[in-house]
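Single-letter residue listing:
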Amino acid sequence: MVLADLPLSERDPSLAAMIRRENDLEASTLRMIPSENYASRAVQEAAGSVLANKYSEGYARKRYYEGQEIIDEVEELAISRVKALFGAEHVNVQPYSGSPANLAVYYAFCNPGDPIMGLALSAGGHLTHGHGVSITGKFFKSIPYGVRRSDHRIDMDEVRSLAKEHKPKLIWAGTTAYPRAVDWNAFREIADEVGAILAADISHISGLVVAGEHASPVGIADIVTSTTHKTFRGPRGGMIMCKQQHAAAIDKAVFPGLQGGPHNANTAGIAVAALEASTPEFKAYAKQVVENAKVLASTLAELGYAIVTGGTDNHLVLVDLTPKNVTGKVGAKALDKAGIVGNYNTVPFDPRKPFDPSGIRLGTPALTSRGFGREEMLQVARWIDQVLVAPTDEAVQARVRNEVAELCKKFPAPGIAV
Ligand SMILES: *Cc1c(COP(=O)(O)O)cnc(C)c1O
């Protein structure tokens, strides 16, 4: 057998062992990072296919390389499926991920130094919406808006007054650690009042949008960006939807503006994910994602936890651990030892530093993908509480970890062979 034909387990046994261990970890733990999920076996097959071997700069039927007849078909299939799913006029599936998709929007509409607005990271926004450590905060004049002190909801009055004062070129609407619905129409009104481009970033919630569990910004925002690997449950990647009038600007910004050749295997994975997202099963999954998050939020609230905004409309719950005298980092690490994997997170107006903030962020997409419903979420909430009330008790962590693994066996993780 020639070297190139060796299976990974023989060619690189130590790396193969790492992947096997990650496989087992994902199968036997509760994956509650809200941006994570389980891509299906079919999505993984497409994303790991020979399509990754190809170079195909340009767009379908307008490539700079020969040999593209199949790649063109694949990209057109992905685009037509995403268009149909979201009702979008124009779709670009080439961005390498969510952050490059957002950069393309800046490149299409802004010049360096232009004023732009987005939800502050500390209020649940994304780095790429103008945060200071991000290139988007360095190259553009970022004017962040926040949430209200009273109820921790996005403060649309503040958005309006800042927009009128600073006349931004671009306004981002979209969140990464915010448990409530975003009012696209309210953002549209403000963008119109000041002549700004409105970009909706639905990276976290695109799967919920497809299923009608969150209102769609398509047709309201000028541009809609998304990752493809969060609630959408596809391969890692990004996509941009827009009105026809912006199609040329967006396409040019992605290629040749920002990227070289597209990741064709990921494009194929997006096509499969879009097919899966068009099924009744996906709709049921998305509905259950939200129901599960509501059960988690209300049960933790009954157990004495402070839930940011008092609950959730989407797939995630932001928990302020202050009433329990545990910090976010200590809590997240204790939960991780118990097989419950989330992340520590700032809460609005957090008096603590981002590296050890007051809260944790927990999501339900991955658990829902493996079939968890109300009963399981009640159990998950009880386990979370048992670990957090005694965050240094290793016996509790070991016991919960075993119980978690037992429950996981009853709900096999999609796309993972054990
Ligand atoms: C995850 C996320 C991104 C970035 O996606 P990456 O694929 O990690 O680059 C952008 N915007 C929002 C709102 C996100 O949640």
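Remarks on the packing of aromatic side chains
Inference 1: Going through the model one piece at a time under the given rule, you end up with ten aromatic pairs.
Inference 2: Taking 5.0 Å as the distance between ring centres and 70° as the angle between the ring planes, the aromatic pair formed by Phe 372 and Phe 411 counts as edge-to-face. With Phe 372 in the loop between α14 (365-369) and α15 (374-388) and Phe 411 in the segment after α16 (394-410), the pair connects residues that are 39 residues apart, well separated along the chain. The two residues Phe 372 and Phe 411 agree in class, both being buried.
Inference 3: We note Arg 149 situated over the ring of Phe 349; from NZ or CZ to the ring centre the distance is 4.1 Å.
Inference 4: The lysine or arginine in question, Lys 324, covers the ring of Tyr 305, its NZ or CZ lying 4.7 Å from the ring centre.

A few points about helix α13 (residues 328-337)
The periodicity of an α-helix, 3.6 residues per turn, causes residues three or four positions apart to be oriented the same way.
Inference 1: Along α13, the residues classified as buried are Gly 328, Lys 329, Gly 331, Ala 332, Ala 334 and Leu 335.
Inference 2: Lining the buried residues of α13 we find β13 (340-341), β14 (343-345), β15 (359-363), α15 and α16.
Inference 3: Just downstream of α13 lies Gly 339, where phi reads positive at about 80°.

Remarks on the site of the ligand
Inference 1: Ser 97, Ser 99, Asp 201, His 204 and Lys 230 are the nearest of the 13 residues found near the ligand.
Inference 2: With respect to the ligand, the side chain of Asp 201 contributes an N or O atom lying 2.6 Å from a nitrogen atom.
Inference 3: Lys 230 is positioned with one of its side-chain polar atoms (N or O) 2.8 Å from an oxygen atom of the ligand.
Inference 4: Surface burial for the ligand is 87%, taken as the share of its 380 Å² of free accessible area covered by protein chains.
Inference 5: Looking at which element gives the most residues to the shell around the ligand, the answer is helix α5 (residues 98-109), with three residues.
Inference 6: Here the residues of the shell around the ligand are counted per class, giving no nonpolar, eleven polar and two charged.

Section: the sheet that holds strand β7 (residues 170-174)
Inference 1: Strand order in this open sheet of seven strands is β4-β10-β9-β8-β7-β5-β6, and the pairing throughout is mixed. Edge positions in the open sheet fall to β4 (90-92) and β6 (141-145), since each of these has one partner strand only. The mean angle between the axes of side-by-side strands here comes to 20°, regardless of whether they run parallel or antiparallel.
Inference 2: Relative to strand β10 (residues 238-242), strand β9 (residues 223-227) runs antiparallel, the two sharing five bridges. Within the sheet, the bridge partner assigned to Thr 225 lies in β10 and is Ile 240.

Things to note about the domain arrangement of the protein chain
Inference 1: Assigned domains of the protein chain: these are domain 1 (46-277) and domain 2 (283-410).
Inference 2: Among the residues of domain 1 in contact with domain 2, Pro 179, Arg 180 and Glu 213 are the three that bury the most area, contributing 29% of the side total.
Inference 3: On inspection of domain 1 and its partner domain 2, the count reaches one salt bridge.
Inference 4: The shortest N-O distance in the salt bridge between Arg 180 and Asp 313 comes to 2.9 Å.

Rules used throughout
- Residues numbered from 1 in each chain as written.
- Predicted model: local features only at pLDDT ≥ 70, side-chain atom pairs only at ≥ 80, totals over all residues.
- Heavy atoms only, no water.
- Phe/Tyr/Trp six-rings, centres within 6.5 Å; stacked < 30°, edge-to-face > 60°.
- Helix = DSSP H or I, 4+ residues; strand = E, 2+ residues; numbered from the N terminus.
- Buried < 20%, exposed > 50% of the residue type's maximum accessible area, 1.4 Å probe, protein only.
- Lys NZ or Arg CZ within 6 Å of the ring centre and 35° of its normal.
- Contact = heavy atoms within 4.5 Å.
- Near = heavy atom within 4 Å.
- Polar contact = N/O pair within 3.5 Å; in protein donor to acceptor, adjacent residues only side chain to side chain.
- Areas by Shrake-Rupley, 256 points an atom, 1.4 Å probe, with all protein chains shown as cover.
- Nonpolar A, V, L, I, M, F, W, Y, C, P; charged D, E, K, R; others polar.
- Pairing = 2+ DSSP bridges.
- Axes fitted to C-alpha atoms, helices over the stretch in contact; angles between N-to-C directions.
- Domains from an automatic or database assignment.
- Buried area = accessible area lost by both parts, 1.4 Å probe.
- Salt bridge = Lys/Arg side-chain N within 4 Å of Asp/Glu carboxyl O.

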